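# Commentary on secondary and tertiary structure
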Amino acid sequence: MLEIEHIRESGGWLNRYTHDSESCHCEMTFSVYLPPAAATQKVPAVYFLSGLTCTDDNVRVKAGAQRYAAELGIALIMPDTSPRGEDVADEPDRYDLGQGAGFYINATRTPWASHYRMYDYVTQELPALAEAELPLIPGLKSITGHSMGGHGALICALKNPDTYRSVSAFAPICHPIDCGWGEGCFSAYLGEDRENWKAWDATELVKAGAKPVPLLIDQGTGDEFLAEQLHPRALLDACLERRDFPVTLRMQEDYDHSYHFIASFIGEHLAFHARHLR
């Protein structure tokens, strides 16, 4: 880990690091907020996964999360959304495929498979690195995210229910095998067999019997992507049909897909995670 930024904020420190990733075979960047409590003790962590076209910079600048994390005594771990670099495959004419659009899965098709292993990076490599190098309580973590990152948070938790104490999401892509963004990325990264896609779809994972994890979703009713891309009702119906899945879906009147929406409710999401991390 090479520290490239070190900024005082809300009594703690907002740091940024680069490192050589074994999962993604390139240099990766991530940000960390360490609350004041981390100066004297190890603290639990919440991972925030960002959405299409974003980097780790969006959430740490726009969400206002650090103030709440400082009060709650939790660290924030904020990875990038995809591998990057000249040698990393990309579709520069598309915002929804390639660099900035890793979709938090492990690609299996050429040319994507050699770098696009964001699932392994988020669930294995980054936590191991952060817990070894930073004052974090080993194994005590929750996960959240926005849009594509909300999808990432959901699948990471559902596929690893004993790893994360809780999961939340802002306007997540809940059923990617049934939306344009998901179909475009999954066909490129995974191939045309739609059965293989189900392993990376939160709704399908719940239907298949994924172990319950405490789940909170906020979705704005004014979100321009709600009808065609996000499908929160599909996930809610799958959870309710199970009758054993602790899910809360809050439809927030008039809120859109932007960080204005995230900033309005990030404090409640971090408090939700803090309750489960205690």
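See the structure shown above.
Residues numbered from 1 in each chain as written. Predicted model: local features only at pLDDT ≥ 70, side-chain atom pairs only at ≥ 80, totals over all residues. Heavy atoms only, no water.

## Notes on unusual backbone geometry
The bulk of non-glycine residues show a negative phi, and the bulk of peptide bonds are trans. For the peptide bond that leads from Thr110 to Pro111, omega is 5°, which places it in the cis range. Within the fold, Pro111 resides in the loop between strand 5 (75-79) and helix 3 (118-133). Residues other than glycine seldom take positive phi values, yet His231 does so here, at roughly 55°. With respect to the helices, strands and loops of the structure, His231 is situated in the loop between helix 8 (226-230) and helix 9 (232-242). (Helix = DSSP H or I, 4+ residues; strand = E, 2+ residues; numbered from the N terminus.)

## Overview of the pattern of salt bridges
Taken as a whole, this structure holds 17 salt bridges when the rule is applied. Ionic pairing is found between Arg117 and Asp120, a salt bridge with its closest N-O pair at 3.2 Å. Judged by its relative accessible area of 26%, Arg117 is partly exposed. On the basis of relative accessibility, which here comes to 16%, the residue Asp120 falls in the buried class. Residue Glu131 pairs with Lys141 through a salt bridge whose shortest N-O separation is 3.5 Å. (Salt bridge = Lys/Arg side-chain N within 4 Å of Asp/Glu carboxyl O. Buried < 20%, exposed > 50% of the residue type's maximum accessible area, 1.4 Å probe, protein only.)

## Here's the deal with the environment of Glu204
Residue placement: Glu204 occurs in helix 7 (residues 202-207). For the pair Glu204 and Pro176, spaced 28 residues apart in sequence, the C-alpha to C-alpha distance is 9.6 Å. Here Glu204 is in contact with His175, Ile177 and Lys198, once residues within four sequence places are set aside. (Contact = heavy atoms within 4.5 Å.)

## Some details on the packing of helix 2 (residues 65-72) against helix 10 (residues 259-277)
Two elements in contact, helix 2 and helix 10, have axes separated by 9 Å at closest approach and are oriented at 30°. Between helix 2 and helix 10, the angle falls in the class roughly parallel. Classified by chirality, the crossing of helix 10 by helix 2 is right-handed. On the side of helix 2, the interface is formed by Ala65, Tyr68, Ala69 and Leu72, while helix 10 contributes Ile266, Gly267, Leu270, Ala271 and Ala274. Among the residues making up the contact of helix 2 with helix 10, the classes are represented as eight nonpolar, one polar and no charged. (Axes fitted to C-alpha atoms, helices over the stretch in contact; angles between N-to-C directions. Parallel < 35°, antiparallel > 145°, perpendicular 65-115°, else oblique. Left-handed = near helix turned anticlockwise from the far one by under 90°. Nonpolar A, V, L, I, M, F, W, Y, C, P; charged D, E, K, R; others polar.)

## Quick look at the side chain of Thr29
Relative to the helices and strands, Thr29 is located in strand 3 (residues 26-34). Setting aside anything within four residues of it in sequence, one finds Thr29 in contact with Arg16, Tyr17, Thr18, Asp56, Pro79 and Asp80.

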